[in-house]
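Architecture and fold: a report
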Amino acid sequence: MIEGTLVNLRPRELADVERNARWWADPDIKWLTGDRYDWSRAAAEASMREIAGKPVALDHVWLAIETKDGVHIGNCRLFAVSAEDRSAKLGISIGEEVYRSHGYGSDAVRTLVRFAFAEMNLNRVELDVFDYNDRAIACYRKCGFVEEGRRRQARYARGVYHDTVVMAVLRDGWRAADD
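Conventions we followed
Residues numbered from 1 in each chain as written. Predicted model: local features only at pLDDT ≥ 70, side-chain atom pairs only at ≥ 80, totals over all residues. Heavy atoms only, no water. Disulfide = S-S within 2.5 Å. Buried < 20%, exposed > 50% of the residue type's maximum accessible area, 1.4 Å probe, protein only. Axes fitted to C-alpha atoms, helices over the stretch in contact; angles between N-to-C directions. Helix = DSSP H or I, 4+ residues; strand = E, 2+ residues; numbered from the N terminus. Parallel < 35°, antiparallel > 145°, perpendicular 65-115°, else oblique. Left-handed = near helix turned anticlockwise from the far one by under 90°. Contact = heavy atoms within 4.5 Å. Salt bridge = Lys/Arg side-chain N within 4 Å of Asp/Glu carboxyl O. Nonpolar A, V, L, I, M, F, W, Y, C, P; charged D, E, K, R; others polar. Phe/Tyr/Trp six-rings, centres within 6.5 Å; stacked < 30°, edge-to-face > 60°. Lys NZ or Arg CZ within 6 Å of the ring centre and 35° of its normal.

1. What about the state of the cysteines?
- For the structure shown, the criterion picks out zero disulfides.
- Cys76 takes part in no disulfide bond, and the closest cysteine sulfur to it belongs to Cys139, at a distance of 11 Å.
- The exposure class of Cys76 is buried, given its relative accessible area of 3%.
- Note on Cys139: relative accessible area 14%, which makes it buried.

Encoded structure:
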């Protein structure tokens, strides 16, 4: 378990299937993550079996986000990890709506970035976020991420083209933001 201030990050488990299936079918979550189609219960279970069947390792950092009292509220991960470049991409989703905009996501991001730099010895953590996800962009900025560029009109959703914002934090920038 990786401890933050408001949350703990733990390996994902098969017991998480029902919540994940519900979140992955939520239109708001799909809008924010870029998923277009619902996940069936069988697909969610197969995905969870694959994730839960592997130990957390350099190429497989998929974690559940829990409040300090043990409520599973979302998931986060580090993926596209490059040992040579000492970099990874970050993804996060707070599935339980009542826990959004209360600092849990920011704490999860800070906790995962701290793990990436202090434990995995990475130098760079990057992410992609859609330009319409103002809450996430504000969270990432608060956690030390800076906008590096945009992939213009890279996402077509709800009849409109949207930019994908590329953001990253470097080990040195994280230390400054974490102080």
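2. Considering the packing of helix H4 (residues 104-118) against helix H5 (residues 134-142)
- For the pair H4 and H5, interaxial distance at closest approach is 9 Å and the crossing angle is 45°. As the angle between them shows, H4 and H5 are arranged oblique. Note on packing geometry: the crossing formed by H4 with H5 is right-handed. Two secondary-structure elements touch here, H4 through Gly105, Ser106, Val109 and Arg110 and H5 through Cys139, Tyr140 and Lys142.

3. So, the pattern of salt bridges
- Taken as a whole, this structure holds 13 salt bridges when the rule is applied.
- A salt bridge links Lys89 to Asp128; the shortest N-O distance between them is 3.0 Å. Here Lys89 is found in strand S5 (residues 87-94), whereas its partner Asp128 is found in strand S6 (residues 124-130), with 39 residues between them in sequence.
- By relative accessible area, which is 30% here, Asp128 ends up partly exposed.
- The shortest N-O distance in the salt bridge between Arg150 and Asp163 comes to 3.4 Å.

4. Side note on the packing of helix H1 (residues 17-25) against helix H3 (residues 41-52)
- Here H1 crosses H3 at 125°, and the two axes come no closer than 9 Å. Considering the angle they form, H1 stands oblique to H3. The way H1 lies across H3 gives a crossing that is right-handed. Residues Val17, Glu18, Asn20, Ala21 and Trp24 of H1 form the contact with H3, whose participating residues are Arg41, Ala44, Glu45, Ser47 and Met48.
- Class assignment of the residues belonging to the contact of H1 with H3 gives a composition of five nonpolar, two polar and three charged.

5. As for the packing of aromatic side chains
- The final tally for this structure, using the stated rule, is six aromatic pairs.
- Consider the rings of Trp31 and Tyr132, whose centres lie 3.8 Å apart with planes at 15°: the pair is stacked. Taken as a pair, Trp31 in helix H2 (residues 27-33) and Tyr132 in the loop between S6 and H5 lie far apart in primary sequence, 101 residues in all. Summarising the burial analysis for this pair, Trp31 and Tyr132 share the class buried.
- Ring geometry for Tyr99 and Tyr104: centres 5.3 Å apart, planes at 75°, overall edge-to-face.
- On the basis of relative accessible area, Tyr104 is assigned to the buried category, the value being 19%.
- One aromatic cluster is present, built from ring pairs that chain together Trp31, Phe130 and Tyr132.
- Arg77 extends its terminal NZ or CZ atom over the ring of Phe79, reaching a point 3.8 Å from the ring centre.
- One cation-aromatic arrangement involves Arg155 over Phe130; the distance from NZ or CZ to the ring centre is 5.0 Å.

Interpretation note: all reported values are geometric properties and have no functional meaning in isolation.
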